[in-house]
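Inside the fold
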Amino acid sequence: MGRLKQKGKAGAAKAYMTRSAAVKKLQCSLADFRRLCILKGIFPREPRNRKKANKGSSAPTNFYYAKDIAYLAHEPVLRKLREHKAFAKKLSRALGRGEWSSAKSLEENKPVYRLDHIIKERYPTFVDAVRDIDDALCMIFLFASLPSDSKVSPTLIENCARLAAEWQLYVMHTHSLRKVFLSIKGVYYQAEVFDQTVTWLVPYQFTQTIPSDVDVRVMLTFLELYQTLLGFVFFKLYTDAGLVYPPPLDPQKDEGAAGVGAFNLQEAKPNQVPSAAAKSKVVEVDGKRISSKDVRQTIKSISASGSGDADVEMPSVDAEAANDEDEEFVEDTTEENPEDAPDAPAFTTATLPTLKTLSTLPQSTSSKLFAPYTFWLSRETSRPIFEFIVRSFGGRIGWPATSGSGSPFDESDESITHVIIDRPLVQRPNETEAEKERRRRRKYVQPQWVVDCVNAGKILLEDLYAQGKTLPPHLSPFGDHAEAYDPTAGLVGGEDEEMEEDEEVEGDEDVVEGSEEEGTARPAKSALKAAASAEDEAALRAAELAAEAAGIDYGTFEKEAKKAQKKASKAAPAQEDEAEKDMNKMMMSNKQRKLYERMKHGQKKRAEERQNLEQKKRAIEKEKKRRAKSS
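Predicted model only: the values in this text are computed from it and were never measured.

Here the focus is the nonpolar core. Taken as a class, soluble globular proteins show a tendency for nonpolar side chains to be buried jointly. Judged by nonpolar contacts, the single largest core of 89 residues is most densely connected at Phe33, Trp167, Tyr189, Trp200 and Ile389. By residue number, the principal contributor to this core is helix H11 (residues 154-174), which donates eleven residues.

In structure tokens form, the structure reads like this:
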């Protein structure tokens, strides 16, 4: 007789655990459980059958993998949280009794946990960490712009502002910025770091407020993890670039609102860069110094010669040889004749991407887009945004003293080629000849020109973005949506369609007016209807004869015939597609059908929005044409 299965001891009931059961097993508070889940990357799961996972109960609750909860039970952070709970009790007891010396001693020895091991667990390689810093950067830039209050300390905001400035300095130094988009939420940036695309959002410089319905404690837990992650990533990036991390801060420039200019990028000295000798282990055998590099080369020579049993004497190395750079991958060059070599596998170590190969990838030609130009910022433009963009693409930029200190040149500099200005064009009657000559020599552009040049990868014409002119549409460079509304494409196609419709309407009016004058309105209309409903050549020929008898010219008749053919060709496949879709929906399950209907609802909504925008554009174009004709 087989073993009897007990209810709730196997299957989904054993694989899943409710949140209350997890908190009870870990013996921690709900807030600490949330913090642990955020730090360790554990999130609720959805079982296939909620009733079986909840041991027969259908009450709504959150489920977690039992293995994840067992994994949390051995977390060092959980032990530190328990110690902190005991510390809080002892501190409150000492303060209640008035034992100030004991309270001071407890405060000095307060338990503090570190997240270094969690970063190493969640991101095994450096490229994994770079790939996952998008949310971290968005959170850092958000908190850098928030005001301090009882929940968000000034020290935290200062640290976030420092991390944000360090990231911008690295992007400007390496010219890694690729795309920029000015949206309602803020400015979207995209950079390429180690062949990984990093996208982040920077809010505008307005007074920010924390909404009351936002749980700041959850955001602070994420921020705690992200600060540690960015500290690791920035140290590696700066070290690989040969820079000192953290970059030293000039307090005087910082007090003068110099922004990122308050930090000084310094190249690391040779004794500050960790040498490769630390990576290469050197041991002494029988009075000879042998490194790990020599061991690998000797093993390769043994495998190439085929004498695995022979004793091989290790070559001795000097101290200078031990300090040479250790190779990451040593290419096997023992096979001189490629025909005699065995078939190599599809993947080889020579093709594997490493940090060295990723850091030496060739940069695009547009990374120094603004190198030949010098910009001057007008006082009404945002200095942090355009200083970051221009310097990331190799340009020089200056600003007035009202925008902060640290400008490398003043407004009278003769090397200024472009002035970024965002105010209407105003006549200056008292302008001197020198000022007029300077104005003619410089090009005054609106801020959108800088961003559109970055996204286009080339210098655009300044005439469309001149001061006081109506700007062209600013489109998002992130992704190409085939169904999205494109105002630039609509300018060409929409005008042609509108002209055709106007011509057709005018032609119909002319035909109707002419037929009414001659008293032949009914034959003309019937002939045009016959042309629109013609299905074969014989019917089309008969409609053509009737139209000719009614006095309709051949051009108008041909337009109607083409319009009818287009409608017929579009209607037939649409009916076939609808029938096929109905048959496919019958074979779907309820869950799949609901998902499909939601997807189609979203597509229909986007199509309606696009159609409304196109209609508005056509109405605007009509109004422009009408005004042009009347003037």
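There is more to say after this.
Right, let's get into the sheet that holds strand E10 (residues 418-420). Strand order across the open sheet formed by four strands is E9-E8-E10-E11, with parallel pairing between neighbours. Looking at which strands have only one partner, the edges of the open sheet turn out to be strand E9 (396-398) and strand E11 (443-445). Along the sheet, successive strands turn relative to each other by an average axial angle of 25°, direction set aside. Of the strand pairs in this sheet, E10 and E11 are connected by three bridges, and their pairing is parallel. Within E11, the residue paired with His418 across the bridge is Lys443. Its contacts with the sheet place helix H19 (residues 447-456) against strand E8 (374-377), E10 and E11, and it is angled at close to 110° to E10.

Let us look at the confidence of the model for the chain. Summary statistics for the chain give a mean pLDDT of 78 and a share of 74% for residues scoring 70 or more. Predicted confidence for residues 511-519 stays below pLDDT 50, and this span has eight contacts to residues more than four positions away or in other chains.

Here the focus is a positive patch on the surface. Taken together, the side chains of Lys85, Lys89, Lys90, Arg93 and Arg97 make up a positively charged region of the molecular surface. Tracing the chain through its elements places Arg97 in helix H6 (residues 76-97).

Each full turn of the α-helix corresponds to 3.6 residues, which orients residues three or four apart in the same direction. What helix H10 (residues 134-144) keeps buried is the set Ala136, Leu137, Met139, Ile140, Phe141 and Phe143. At its buried positions, H10 is contacted by H11, strand E5 (196-202) and helix H12 (216-240).

What follows covers the packing of aromatic side chains. Under the definition given, this model contains 20 aromatic pairs. Taken together, a centroid distance of 5.0 Å and an interplanar angle of 85° make the contact between Tyr189 and Phe388 edge-to-face. Of this pair, Tyr189 sits in strand E4 (residues 187-193) while Phe388 sits in helix H17 (residues 383-392), placing them 199 residues apart in sequence. A relative accessible area of 2% means that Tyr189 is categorised as buried. Using a relative accessible area of 2% as the deciding quantity, one classes Phe388 as buried. With a centroid separation of 6.0 Å and 35° between ring planes, the pair formed by Phe222 and Tyr226 is classed as tilted. Taken as a pair, Phe222 and Tyr226 lie in helix H12 at a separation of four residues, close to a single helical turn. The partly exposed category is assigned to Phe222, whose relative accessible area is 29%. Aromatic ring contacts, followed pair by pair, group Trp167, Tyr170, Tyr189, Trp200, Phe234, Phe235, Tyr238, Tyr245 and Phe388 into a single cluster. Of note, Arg383 hangs over the ring of Trp399, and the distance from its end group to the ring centre comes to 4.0 Å. Over the ring of Tyr444 we find Arg439, and its NZ or CZ is 4.6 Å from the ring centre.

A few words now on the packing of H11 against H12. H12 packs onto H11 with a crossing angle of 35° between their chain directions and a minimal axis gap of 11 Å. Crossing of H11 over H12 shows left-handed handedness. In this structure, H11 uses Leu156, Asn159, Cys160, Leu163, Glu166, Trp167, Leu169 and Tyr170 to contact H12, whose residues at the interface are Leu220, Leu223, Gln227, Phe234, Leu237 and Tyr238. Per-class residue counts for the contact of H11 with H12 are eleven nonpolar, two polar and one charged.

Here Leu95 shows up in helix H6. Discounting chain neighbours no more than four positions away, the residues touching Leu95 are Trp100 and Ala103.

Moving on, we get to helix H3 (residues 30-40). For H3, the complete set of buried residues consists of Asp32, Phe33, Leu36, Cys37, Ile38, Leu39 and Lys40. Taken together, the buried residues of H3 touch helix H2 (19-26), strand E2 (63-65), helix H5 (66-72), H6, helix H8 (116-122) and H12.

Together, Asp577, Glu578, Glu580 and Asp582 line one region of the surface with negative charge. Along the polypeptide, Glu578 turns up in helix H23 (residues 554-586).

Before going further, it helps to examine the packing of H3 against H12. At a closest axis distance of 10 Å, the pairing of H3 and H12 adopts a crossing angle of 35°. The chirality of how H3 crosses H12 is right-handed. Residues Arg35, Ile38 and Leu39 of H3 form the contact with H12, whose participating residues are Val218, Thr221, Phe222 and Leu225. Grouping the constituent residues of the contact of H3 with H12 by class yields five nonpolar, one polar and one charged.

Turning to unusual backbone geometry, a few remarks are in order. Here Tyr245 and Pro246 are connected by a cis peptide whose omega angle stands at -5°. Within the secondary structure, Pro246 sits in the loop between H12 and helix H13 (251-255). A positive phi angle is found at Gln27, which is not glycine, with a value near 55°. Topologically, Gln27 is positioned in the loop between H2 and H3. Judged by relative accessible area, Gln27 falls into the exposed class, the value being 62%. Of note, the phi angle at Asp195 is positive, near 65°, even though the residue is not glycine. Inspection of the secondary structure puts Asp195 in the loop between E4 and E5.

Covered by surrounding structure in E8 are Thr374 and Trp376 together with Phe375 and Leu377, the residues of both alternating faces. Looking at chain direction, E8 and E9 are connected through three bridges and run parallel. Of the residues in E9, the one forming a bridge with Trp376 is Gly398. Between the parallel elements E8 and E9, the chain passes through H17 in a crossover that is right-handed. As paired strands, E8 and E10 are joined by three bridges and run parallel to one another. Across the sheet, residue Phe375 finds its bridge partner in E10, namely His418.

Attention shifts here to the sheet that holds strand E3 (residues 177-182). The sheet built from three strands is open, its strands ordered E3-E4-E5 with antiparallel pairing. With partners counted over all chains shown, the strands left at the sheet margins are E3 and E5, one partner each. Adjacent strand axes in the sheet meet at a mean angle of 15°, parallel and antiparallel pairs treated alike. Direction of pairing for E3 relative to E4: antiparallel, over a ladder of five bridges.

How each quantity is defined
Residues numbered from 1 in each chain as written. Predicted model: local features only at pLDDT ≥ 70, side-chain atom pairs only at ≥ 80, totals over all residues. Heavy atoms only, no water. Core = buried A, V, L, I, M, F, W, Y, C linked by side-chain atoms within 4.5 Å. Buried < 20%, exposed > 50% of the residue type's maximum accessible area, 1.4 Å probe, protein only. Helix = DSSP H or I, 4+ residues; strand = E, 2+ residues; numbered from the N terminus. Pairing = 2+ DSSP bridges. Axes fitted to C-alpha atoms, helices over the stretch in contact; angles between N-to-C directions. Contact = heavy atoms within 4.5 Å. pLDDT = per-residue confidence, 0-100. Patch = residues over 30% accessible without salt bridge, like charges linked within 9 Å, V, L, I, M, F, W, Y side chains within 5 Å. Areas by Shrake-Rupley, 256 points an atom, 1.4 Å probe, with all protein chains shown as cover. Salt bridge = Lys/Arg side-chain N within 4 Å of Asp/Glu carboxyl O. Lys, Arg positive; Asp, Glu negative; His and termini not counted. Charge placed at Lys NZ, Arg CZ, Asp CG, Glu CD. Phe/Tyr/Trp six-rings, centres within 6.5 Å; stacked < 30°, edge-to-face > 60°. Lys NZ or Arg CZ within 6 Å of the ring centre and 35° of its normal. Left-handed = near helix turned anticlockwise from the far one by under 90°. Nonpolar A, V, L, I, M, F, W, Y, C, P; charged D, E, K, R; others polar. Right-handed = clockwise from strand over helix to strand, strands pointing away.

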